Amino acid sequence: MSYNFYMKADLEPIRRIFAGNIKKYRKDLGYSQEKLAEKSHLSAQTLNDIEGCRRWVSAATLTKLAKALHVAEYKLLVPESRETTEKTRKSSLKSLISLQNNIINTINIYFDKAKDTGDFT
């Protein structure tokens, strides 16, 4: 499934929070970028791009990072309340809701197409 259905601007607040959370949890564990890359089976450059908000991740990569950091996936997408402003929290929530709606709509499109064609592959 392609993630090109949402606009980059819609994801920007989440990207910043995600990158910051990756870095925070990584440092809490005393991991370098190279160590986290190794533990999550990613390249160090990919991790550097993720932390620098230059790359978004797939669901599989999100799961790999969460496992390597010993946190639930959602914690990587939610702002730390003590470190964020109310404006940032609202913007992030709006982005998460938009992302959720886009995913639901895409799933519905694929499901309806599969029902119509009988092709569930």
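No experiment lies behind these values; they were computed from the predicted model shown.

Reading guide: rules and limits
Residues numbered from 1 in each chain as written. Predicted model: local features only at pLDDT ≥ 70, side-chain atom pairs only at ≥ 80, totals over all residues. Heavy atoms only, no water. Axes fitted to C-alpha atoms, helices over the stretch in contact; angles between N-to-C directions. Helix = DSSP H or I, 4+ residues; strand = E, 2+ residues; numbered from the N terminus. Parallel < 35°, antiparallel > 145°, perpendicular 65-115°, else oblique. Left-handed = near helix turned anticlockwise from the far one by under 90°. Contact = heavy atoms within 4.5 Å. Nonpolar A, V, L, I, M, F, W, Y, C, P; charged D, E, K, R; others polar. Core = buried A, V, L, I, M, F, W, Y, C linked by side-chain atoms within 4.5 Å. Buried < 20%, exposed > 50% of the residue type's maximum accessible area, 1.4 Å probe, protein only. Phe/Tyr/Trp six-rings, centres within 6.5 Å; stacked < 30°, edge-to-face > 60°. Arc of directions from axis to C-beta.

Colleague: Which parts of the structure should I look at to understand the packing of helix 2 (residues 33-40) against helix 3 (residues 44-51)?
Modeller: Geometry of a packed helix pair, given as the angle between the helix axes and the separation of the axes. At a minimum axis separation of 8 Å, helix 2 and helix 3 run at an interaxial angle of 110 degrees. With respect to helix 3, the axis of helix 2 lies roughly perpendicular. The hand of the helix 2/helix 3 crossing is right-handed. Along its contact with helix 2, which presents Q33, E34, L36 and A37, the element helix 3 presents A44, L47, N48 and E51. The residue makeup of the contact of helix 2 with helix 3, split by class, is four nonpolar, two polar and two charged.

Colleague: Just checking my understanding: could you explain the nonpolar core for this structure?
Modeller: It is characteristic of soluble globular proteins that their nonpolar side chains tend to be buried jointly. Counting 19 residues, the largest nonpolar core has F18, I22, L36, L65, L69 and L76 as the members making the most contacts within it. Of all elements in the fold, only helix 1 (8-28), helix 2, helix 3 and helix 4 (59-69) reach the threshold of two or more residues within this core. Ranked by the residues each element gives to this core, the list is headed by helix 4, at five residues. Dropping the residues within four chain positions of it, I22 is found in contact with L36, L47, E51, L65, L69 and L76.

Colleague: I would appreciate a short explanation of the packing of aromatic side chains in the present structure.
Modeller: To describe a pair of aromatic rings, one takes the distance between the centres and the angle between the planes. Taken as a whole, this structure holds one aromatic pair when the rule is applied. With a centroid separation of 5.5 Å and an interplanar angle of 65 degrees, the aromatic rings of F18 and W56 are classed as edge-to-face. Taken together, the positions of F18 in helix 1 and W56 in the loop between helix 3 and helix 4 put the pair 38 residues apart, joining distant regions of the chain. The buried category is assigned to F18, whose relative accessible area is 1%.

Colleague: Can you help me understand helix 2 in this one?
Modeller: Since the α-helix packs 3.6 residues into each turn, any two residues three or four apart lie on the same face. If you check which residues of helix 2 are buried, you get Q33, L36, A37 and S40. End-on, the buried residues of helix 2 take up no more than an arc of 105 degrees, which puts them together on one face. Where helix 2 terminates, the next one or two residues include H41, which has phi positive at roughly 60 degrees.

Nothing here speaks to function; it is geometry throughout.
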